[in-house]
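# Structure assessment
Chain residues, written in single-letter form:
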Amino acid sequence: MTSVAIRDYMQQPENEPGSYRDRESRVFIENSHIYRALSNVAQVEWETLKNSKFFKSQSDNGNLVKTWQSNKVINPWSAVLEHEIIPFISYPYEWSFSMLKDAALLHLDLMLAGLTEGIIPKDSSAYNIQFVGSKPVFIDIGSFVKLKSGQPWIAYRQFCQMFLFPLLLLSHKNYDFRASMRGSIDGINAQDFSKFFAWTEIFKSGVLFHGFLQAKFEANASKQELKVKKETNKINFKPEFIINNVKGLRNLISNLKWKADHTTWGDYATDNSYNSTEAQLKAEFVKNSVQSGNWNLVWDLGSNTGIYSRIAADKAKYVLALDGDNLAVERNYNRLKKENYKNILPMVMNLADQSPNMGWRGLERKALAERGKPDLILCLALIHHIVISANIPLDEFIDWLAGLCKSLVIEFVTKEDDMVKILLANKEDNYHDYSQENFLNCLQKHFKIQSQQVLKGGTRTVYFCSK
Amino acid sequence: MNYLLLAIAFLLPNNAFAYIDPGSGSVLLQLLLAGIVGAGMFIKMYWNRFIAIFSGKKNDNQDSPK
């Protein structure tokens, strides 16, 4: 498992702290290059892999991250590979349903392709997969090894914990897996998964065999003596067992659907509060603002349908379409796949509780801003939710934005706006900091306003500003 | 059928002994799944021959499974 951060000030290769579990290979970062150092053992596996048809075809079609042998020397390692950089790292607890589903299908398809040449990934971590735009890419090249004769699928249990159980919970129970994936670095185990289902639900796909039976077997196996393990090691496991299991899982997962409940923001496209002339004016303003510069990384906060992400994508190397509503992200992702945008990455992100530093030493999984700061932020139709719904002080929110980016397109929504009236309907209006005057004061502490556009008869104004 | 018996034995309650790698349970499940998949394929393979016996095609009795 690896995670990647783009840094441009390193002078010597720095060990990527999230790369530690696999003793045979380790990731290093230097000057925005990603290196993978291999032990003797890993080097032998790499020689097999790089000469295989599997490696060539899956690299050509983009399923495997582009990898090549490097001349670099990192002592005491035997060999060094270099990988193409993933533009922005994301984690399974930031993915919508179909993103995790597509990642799972990629993992299984790679297994089926690799097994035709006796190659298998030694682990099934969901963190082995990253998204480039709307395409999942497998990055843990060090995971591929030759399948030993008689060996079972060692990582089957991990596949269930990281991919299958989270997907089944959302599909069968409408239980969003993200909180569990963020709370438990190893995913959801069979025992916990089984607790969600009554015995009357055993015929839901995956529940009886992969869920209940695996939980039962695990619980009983832990009560036995070591001699039982010796017995299981004597059994000659055939590769066909693995292939059939993988095919079955592939069928199961590709048939999973998420019948989402209506969410507040899932239907935004059809029932938002702008008329079409206003919407066009706003889009024009955003387009003109974006056109004024060249951007490496844009964050579109509260991206919802992703309409403004797409405007930014024309002039930016990469755009993050962030939204706290997983259905909105799901819909945006599914549309992006069809439109074949390569530089927009959708992510589920609650701005009031963003992904923190996590895992071993708090360095294994990185907080959002640690992975790459934006040079432009779009903050449209959002600030009233941040202050009034999430109760974040206006000045703190603007300070946070200023700490991240040099340029900003931001929309202020007054208390006279219909939407704000709805937000305040059942609350006492304690939001004395929430006024256009205070907003402009906070904004101008950090930024210079370049242009602005009034919308909706004055209840909304959008600003483009920069430092 | 050793492994199936072993698997079934695990379903019976037992006293707690020394800790074992719980991954063994998942390995056993894979074997059980393989057994069940095998049984399903077996039935599928021979179903037509089985039906053919009753529809009067006597030749099929002599054929060996492919």
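Let me sum up the structure you'll find in this document. (Residues numbered from 1 in each chain as written. Chains lettered and ligands numbered in written order. Predicted model: local features only at pLDDT ≥ 70, side-chain atom pairs only at ≥ 80, totals over all residues. Heavy atoms only, no water.)

## Comments concerning unusual backbone geometry
All names here are of chain A. Filter applied, for reference: Counting from the N terminus, the helices are DSSP H or I runs at least four residues long and the strands are E runs at least two residues long. The buried label applies to any residue whose accessible area, calculated with a 1.4 Å probe on protein chains only, is under 20% of its type's maximum; exposed applies above 50%, and partly exposed to all values in between.
With an omega of 5°, the peptide bond between Asn75 and Pro76 qualifies as cis. Mapping Pro76 onto the fold places it in the loop between strand E4 (67–69) and strand E5 (79–83). Unusually for a residue other than glycine, Arg361 sits at a positive phi of about 60°. Residue classification places Arg361 among the exposed positions, given a relative accessible area of 55%. For Ala381, which is not glycine, the phi torsion reads 50° and is therefore positive. Inspection of the secondary structure puts Ala381 in the loop between strand E13 (376–379) and helix H14 (383–389). A relative accessible area of 16% means that Ala381 is categorised as buried.

## A short note on the nonpolar core
Residues and elements named next belong to chain A. Rule in force here: We call a set of buried Ala, Val, Leu, Ile, Met, Phe, Trp, Tyr and Cys residues a nonpolar core when their side-chain atoms join them within 4.5 Å. In what follows, a contact means two residues having at least one pair of non-hydrogen atoms within 4.5 Å.
Trp153, Trp299, Ile383, Leu408 and Ile410 are the most contacted members of the largest nonpolar core, which has 123 residues in total. If sequence neighbours within four positions are ignored, Leu408 has contacts with Leu376, Ile377, Cys379, Leu401, Leu443, Phe447, Tyr463, Phe464 and Cys465. Ranked by size, the runner-up nonpolar core spans 22 residues in total, among them Val290, Ala312, Ala321 and Leu376.

## Describing the side chain of Ser70(A)
Residue and element names in this part refer to chain A. This is how the line gets drawn: Side-chain atoms alone can form a polar contact between residues adjacent in sequence; in general such a contact is a pair of N or O atoms within 3.5 Å, and within protein one must be able to donate a hydrogen while the other accepts it.
Take Ser70: it is sitting in the loop between E4 and E5. The exposure class of Ser70 is buried, given its relative accessible area of 15%. In this structure the side chain of Ser70 is engaged in a polar contact, spanning 3.0 Å, whose partner is the backbone nitrogen of Lys72. Discounting chain neighbours no more than four positions away, the residues touching Ser70 are Tyr35, Val80, Leu81 and Glu82.

## Describing the packing of helix H3 (residues 97–115) of chain A against helix H9 (residues 239–254) of chain A
The angle between the axes and the distance between the axes are what describe a pair of packed helices. Residues and elements named next belong to chain A. Here is the rule we go by: Angular values range over 0 to 180 degrees, each being the angle between N-to-C directions of two axes fitted as lines to C-alpha atoms, with helices fitted over their stretch in contact. Geometric relationships in this document are graded by angle, where less than 35 degrees denotes roughly parallel, more than 145 denotes roughly antiparallel, 65 to 115 denotes roughly perpendicular, and other angles denote oblique. Take the far helix as the reference: if the near one is turned anticlockwise from it by less than a right angle, the crossing is left-handed, and if turned clockwise, right-handed. Note on residue categories: nonpolar means Ala, Val, Leu, Ile, Met, Phe, Trp, Tyr, Cys or Pro, charged means Asp, Glu, Lys or Arg, and polar means any other residue, Gly included.
Two elements in contact, H3 and H9, have axes separated by 10 Å at closest approach and are oriented at 155°. On the basis of the axis angle, H3 is roughly antiparallel to H9. Note that H3 runs across H9; the crossing there is left-handed. Here Lys101, Ala104, Leu105, Leu108, Asp109, Met111, Leu112 and Leu115 of H3 come into contact with H9, specifically with Ile242, Ile243, Val246, Lys247, Leu249, Arg250, Ile253 and Ser254. Residue composition of the contact of H3 with H9, by class: 11 nonpolar, one polar and four charged.

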